[in-house]
Amino acid sequence: MARRALKLASWTSAALAASGFCLYSNKYLDPSDFGAVRVGRAVATTAVISYDYLTSLRSVPYGSEEYLRLRSKVHLRSARRLCELCCANRGTFIKVGQHLGALDYLLPEEYTSTLKVLHSQAPRSSIQEVRQVIREDLGQEVLVLAVKQLFPEFEFMWLVDEAKKNLPLELDFLNEGRNAEKVAQMLKHFDFLKVPRIYWELSTKRVLLMEFVDGGQVNDRDYMERNKIDVNEISRHLGKMYSEMIFVNGFVHCDPHPGNVLVRKRPDTGKAEIILLDHGLYQVLTDDFRLDYCHLWQSLIWTDMEKVKKYSQRLGAGELYPLFACMLTARSWDSVNRGIGQAPVTATEDAEIRDNAASYLPQISQLLNHVPRQMLLIFKTNDLLRGIEVALGTRARASSFLSMSRCCIRALAAHKKKNACSFFRRTQISFREAFNLWQINLHELILRVKELRLASWVLALLCRLLPTLY
């Protein structure tokens, strides 16, 4: 188990180290160069964390109270070191740290609670530092090979490719403004969504002025309780919004960490509203990818395991399709086979996923290196959204799967109608779509009736047990 903990910590810190090598190395790697200092910090932090795990847990019997106590302390020390590294190196290290802070279902609580500070209190960079990052060479693959010598189990080229492509886009504020306006127009039918207005006359490629909108972070349950905002309603709205982006439009906001998603009561109507910020990073999905992804989620929701295998392999998973399905759903393979909508995640299943994660890190790395590049940001987006659901206590609710299924049905029907060669065929597809949506509505109605019936049973039982209180 100590080795597993070390593997998981090594993978976490190695991801940051690789980011340093790939993103902040100059053409000639002058030791006095600013990028080299960042790389040195990353490598030193990785070494210290690895040494701490090896020495602190080596002589303690596995599973004992002493072992658990010491492991928690090592987790906390390591998480603080990673957080300090992210704050010192800034840039992409902050992005990686924000992502890790949202992986509540995968990483130990000591890591996620420590790194969550980066969602809302990340250090600011000076314009000189931003210019330095832009000037630095992003393509030194020889340094990645050096990292692979340190961590031969893991493959990092996908990280290099994605960073090279995405970092310039995130630093172009005109691109961010265009993305904000596009998604606002695309989702204008959702009255619960607010995208701050762009003041173009006061914006440039390096300066973006937006409307100020106040709110609490989407994972702040205390804020929602104080303002009488229903967490289940917010979770449903978030699911609808992202299902529409992914399955219907193929234009996906890929950085939904809690610092970028706020909630509030609208001042005019008093209704709950989601405020979506930071529009620098979007993924545009090709139609082929989007439709295969629709088919895959439909198969997962309705437990069609043959199609789960088929569409997982079409998306590049190969023989690792069971692992691929587990990563997408954050459920165990047993739960995927039984049906992900049949039962919520249990504490036992969560522990199983965490315990097994370290054992499968080489396979996870191999999978990430071979799936389409579009899938990488979808994984990141799924992880961040799942972290919000965990914080709100709404993870894996049947209603969220039904919202996804509705969007998949609409997207697949729209594609079929677009390619239909006759009015009769288009009408047939429309009737089939309407029937499938009606089935989902009926299923949702049955679930609500069951929930109401269960609630009434519980209330009746409490009345019998505690008659004086009722």
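Each chain carries its own residue numbering, running from 1 in the written order of its sequence. Note on the predicted model: pLDDT of at least 70 is required for a residue's local features to be given, and 80 or more for side-chain atom pairs to be given and counted; whole-chain, interface and lining totals, by contrast, use all residues. Excluded from the side-chain calculations are hydrogens and water; all other atoms, namely the structure's heavy atoms, are used.

1. Description of the packing of helix α11 (residues 231-249) against helix α12 (residues 287-301)
Link 1 in the chain: Every angle, taken between N-to-C directions, lies between 0 and 180 degrees, and every axis is a line fitted to C-alpha atoms, over only the stretch in contact when it is a helix. Numbering goes from the N terminus for both helices and strands, where a helix is a DSSP run of H or I of at least four residues and a strand is a run of E of at least two. Contact geometry of α11 with α12 gives a least axis separation of 8 Å together with a crossing angle of 120°. Considering the angle they form, α11 stands oblique to α12. Residue-level contacts link Ile246, Phe247, Val248 and Asn249 of α11 to Arg290, Tyr293, Cys294 and Trp297 of α12.
Link 2 in the chain: Polarity classes work like this: nonpolar for Ala, Val, Leu, Ile, Met, Phe, Trp, Tyr, Cys and Pro, charged for Asp, Glu, Lys and Arg, and polar for all others, with Gly in that last group. By residue class, the composition of the contact of α11 with α12 is six nonpolar, one polar and one charged. An angle below 35 degrees is treated as roughly parallel, one above 145 as roughly antiparallel, one from 65 to 115 as roughly perpendicular, and anything else as oblique. The contact criterion used throughout is that any non-hydrogen atoms of two residues lie within 4.5 Å.

2. A closer look at the nonpolar core
Link 1 in the chain: The biggest cluster of nonpolar side chains holds 71 residues, and the ones touching the most others in it are Met241, Tyr293, Trp297, Phe324 and Met375.
Link 2 in the chain: Setting aside anything within four residues of it in sequence, one finds Phe324 in contact with Leu296, Ser312, Leu315, Ala317, Leu367, Val371, Met375 and Phe379.
Link 3 in the chain: Put simply, a nonpolar core is a bunch of buried Ala, Val, Leu, Ile, Met, Phe, Trp, Tyr and Cys residues held in one set by side-chain atoms that sit within 4.5 Å of each other. Relative accessibility decides the category of a residue: with a 1.4 Å probe and only protein chains considered, values under 20% of the type maximum give buried, values over 50% give exposed, and everything between is partly exposed. Ile49, Val60, Cys83 and Leu107 belong to the second largest nonpolar core, which has 18 residues in total.

3. What about the packing of helix α13 (residues 305-314) against helix α14 (residues 321-329)?
Link 1 in the chain: Closest axis-to-axis distance for the α13/α14 pair is 9 Å, and the angle between their directions is 90°. Judged by the inter-axis angle, α13 sits roughly perpendicular to α14. The segment α13 lies against α14, with Val308, Lys309, Ser312 and Gln313 engaging Tyr321, Phe324 and Ala325.
Link 2 in the chain: Looking at side-chain class alone, the contact of α13 with α14 contains four nonpolar, two polar and one charged residues.

4. Looking at unusual backbone geometry
Link 1 in the chain: Positive phi outside glycine occurs at Lys228, with the angle close to 55°.
Link 2 in the chain: Positionally, Lys228 belongs in the loop between α10 (221-226) and α11.
Link 3 in the chain: Residue classification places Lys228 among the exposed positions, given a relative accessible area of 68%.
Link 4 in the chain: The phi dihedral of Ala330 falls on the positive side, at around 55°, and the residue is not glycine.
Link 5 in the chain: Tracing the sequence through the fold places Ala330 in the loop between α14 and α15 (333-338).
Link 6 in the chain: Under the relative-accessibility criterion, Ala330 is labelled buried at 2%.

5. Description of the side chain of Asn382
Link 1 in the chain: Assignment of secondary structure puts Asn382 in helix α18 (residues 373-392).
Link 2 in the chain: Take Asn382: its relative accessible area is 12%, and that puts it in the buried class.
Link 3 in the chain: A distance of 3.2 Å separates polar atoms of two side chains, one belonging to Asn382 and the other to Tyr293.
Link 4 in the chain: Asn382 has contacts with Tyr293 and Leu328, leaving out every residue within four places of it along the chain. Polar contacts here mean pairs of N or O atoms no more than 3.5 Å apart (in protein, one a potential hydrogen donor and the other a potential acceptor; neighbouring residues in sequence count only if both atoms are side-chain atoms).

6. Regarding the packing of aromatic side chains
Link 1 in the chain: Put simply, two rings from Phe, Tyr or Trp (the six-membered ring, in Trp's case) pair if the centres are within 6.5 Å, and we call them stacked under 30 degrees between planes, edge-to-face over 60, tilted for the rest. Applying the stated criterion across every chain yields a total of eight aromatic pairs.
Link 2 in the chain: Between Tyr62 and Tyr67, the aromatic rings sit 5.2 Å apart at their centres with planes inclined by 80°, giving edge-to-face as the arrangement.
Link 3 in the chain: For Tyr62, a relative accessible area of 59% corresponds to the exposed category.
Link 4 in the chain: On the accessibility criterion, Tyr67 (1% relative accessible area) is buried.
Link 5 in the chain: An angle of 75° between the planes, with centres 6.2 Å apart, marks the rings of Tyr321 and Trp333 as edge-to-face. Pair noted here: Tyr321 is in helix α14 and Trp333 is in helix α15, with a separation of twelve residues, a long-range link.
Link 6 in the chain: Here a set of aromatic residues connected by ring pairs shows up, and it is made of Phe247, Phe289 and Tyr293.
Link 7 in the chain: Above the plane of the ring of Phe251 lies Lys182, whose end atom (NZ or CZ) is 4.1 Å from the centre. The rule is short: NZ of Lys or CZ of Arg within 6 Å of the ring centre and within 35 degrees of the ring normal puts a charge over the ring.

7. Some details on the sheet that holds strand β5 (residues 272-276)
Link 1 in the chain: Strand pairing is assigned whenever DSSP detects at least two bridges linking the two strands. Strands sit in the order β1-β5-β4-β2 across an open sheet of four strands; the sheet is mixed. Edge positions in the sheet fall to β1 (193-194) and β2 (216-217), since each has one partner strand and no second.
Link 2 in the chain: Where β1 meets β5, two bridges bridge the pair, whose relative direction is parallel. Paired with Leu193 across the strands is Ile274, a residue of β5.
Link 3 in the chain: Packing against the sheet, α11 makes contact with β1, β4 (261-265) and β5, and its axis sits at approximately 45° to β5.

Structural measurements only, silent on function.
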